[in-house]
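# Topology and contacts: notes
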Amino acid sequence: QKEVEQNSGPLSVPEGAIASLNCTYSDRGSQSFFWYRQYSGKSPELIMFIYSNGDKEDGRFTAQLNKASQYVSLLIRDSQPSDSATYLCAVNRGFQKLVFGTGTRLLVSP
Amino acid sequence: DVKVTQSSRYLVKRTGEKVFLECVQDMDHENMFWYRQDPGLGLRLIYFSYDVKMKEKGDIPEGYSVSREKKERFSLILESASTNQTSMYLCASSHRGRLAGLYTDTQYFGPGTRLTVL
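No experiment lies behind these values; they were computed from the predicted model shown.

Another point: the sheet that holds strand E7 (residues 64-70) of chain B. All names here are of chain B. Taken in spatial order, the four strands make up an open sheet running E1-E3-E8-E7, and their pairing is antiparallel. The sheet is open, and its two edges are formed by strand E1 (4-6) and E7, each paired on a single side. Neighbouring strand axes in the sheet, compared pairwise and without regard to direction, differ in orientation by 20° on average. Pairing of E7 with strand E8 (residues 73-78) involves five bridges; the strand directions are antiparallel. Bridge pairing in E8 places Ser65 opposite Ile77.

Next up, the structure:
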């Protein structure tokens, strides 16, 4: 079992819709969770992080964490074509190191 | 803004060459990381440094070494480049801190170096 699992996609949504990206992790001791966005040929850039169970909102982005079920999700409201990218989920594996999922490719069509 | 820079965006080397990849961060971060990213395999940690002259192996250290002589600079060395080391190499840095009892371990990435070994 991989430490962090994501559906590779592509996830296709029309412009203006809500995109829902999911991630599951295996280590129950994980304490911090991150979503990064990576455009083709570019490096990952941080979208947001979450530490506590529940929702955390930042603009059009909402991260949701459920530690009991060991999943973290990212919702993107009012999706735009510029949101088309690969979204990486990352989980703290102890002592400042992160383990990354392989990413979900999101395609937003105009 | 955190700035992480890498010495080259693209690099082409021959099999057997010694290759140096440099990374510099300007935020006084304690931690620095080297990853490689390959299609279908995601980001894999090669080496990690949590202080000057301190290093720790990641998941795939074979064929690589690192050097951290100054806090802001972390170098990745391919001792004898091989074709299976053709990849995108990403450097990252993070601050060692705590927030509400948890590590603040957000990592910030450099632009990456696409290395091709012929």
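Pairing between the strands of a sheet is mediated by backbone hydrogen bonds and can be parallel or antiparallel. Here we have five strands laid out as an open sheet, ordered E1-E3-E8-E7-E6 (chain A), and antiparallel in their pairing. Edge positions in the sheet fall to strand E1 (4-5) and strand E6 (54-58) of chain A, since each has one partner strand and no second.

This paragraph deals with the packing of aromatic side chains. Here the structure, examined in full by the defined rule, presents 13 aromatic pairs over all chains. Where Phe34 of chain A meets Tyr36 of chain A, the ring centres are 6.5 Å apart and the plane angle is 35°; that geometry is what we call tilted. For the ring pair Phe33 of chain B and Phe48 of chain B, a centre distance of 4.8 Å and an interplane angle of 10° mean the geometry is stacked. Within this pair, whereas Phe33 of chain B is found in strand E4 (residues 31-38), its partner Phe48 of chain B is found in strand E5 (residues 42-51), the two being separated by 15 residues in sequence. Of the two residues, Phe33 of chain B and Phe48 of chain B, both sit in the buried class. Positioned over the ring face of Phe61 of chain A is Arg60 of chain A, at 5.5 Å from the centre of the ring.

A few words now on the state of the cysteines. The tally for this structure, following the rule as stated, stands at two disulfides over all chains. Across a sulfur-sulfur distance of 2.1 Å, Cys23 of chain A and Cys89 of chain A are joined as a disulfide pair. Sign of the S-S torsion, about -70° for the bond between Cys23 of chain A and Cys89 of chain A, identifies this disulfide as left-handed. With Cys23 of chain A in strand E3 (residues 19-25) and Cys89 of chain A in strand E9 (residues 85-92), this residue pair connects regions lying 66 residues apart in the sequence. Comparing Cys23 of chain A with Cys89 of chain A, the two get one shared label, buried. With a sulfur-sulfur separation of 1.9 Å, Cys23 of chain B is cross-linked through a disulfide to Cys91 of chain B.

Cut-offs used in this document
- Per chain, residues are indexed from 1 in the order of the written sequence.
- Chain letters start at A and ligand numbers start at 1, both assigned in the order the entries are written.
- Under the rules for a predicted model, residues below a pLDDT of 70 receive no local features and side-chain atom pairs below 80 are neither given nor counted, while totals for whole chains, interfaces and linings still include all residues.
- By convention in this description, side-chain values take in all heavy atoms of the structure and omit both hydrogens and water.
- Strands qualify as paired when DSSP identifies two bridges or more between them.
- Under the DSSP-based scheme used, a helix requires at least four consecutive residues in state H or I and a strand at least two consecutive residues in state E, with every element numbered from the N terminus.
- Every angle, taken between N-to-C directions, lies between 0 and 180 degrees, and every axis is a line fitted to C-alpha atoms, over only the stretch in contact when it is a helix.
- Note on aromatic pairs: the rings of Phe, Tyr and Trp (six-membered ring only in Trp) are paired at centre separations within 6.5 Å, and the planes decide the class, stacked below 30 degrees, edge-to-face beyond 60, tilted for the rest.
- A 1.4 Å probe rolled over the protein chains alone gives each residue an accessible area, and that area as a share of the maximum for its type sets the label: buried under 20%, exposed over 50%, partly exposed in between.
- Ring-over charges, as used throughout, are those where CZ of Arg or NZ of Lys falls within 6 Å of the ring centre and within 35 degrees of the ring normal.
- Count a disulfide wherever a pair of cysteine sulfur atoms falls within 2.5 Å.

Honestly, it's all geometry; don't read function into it.
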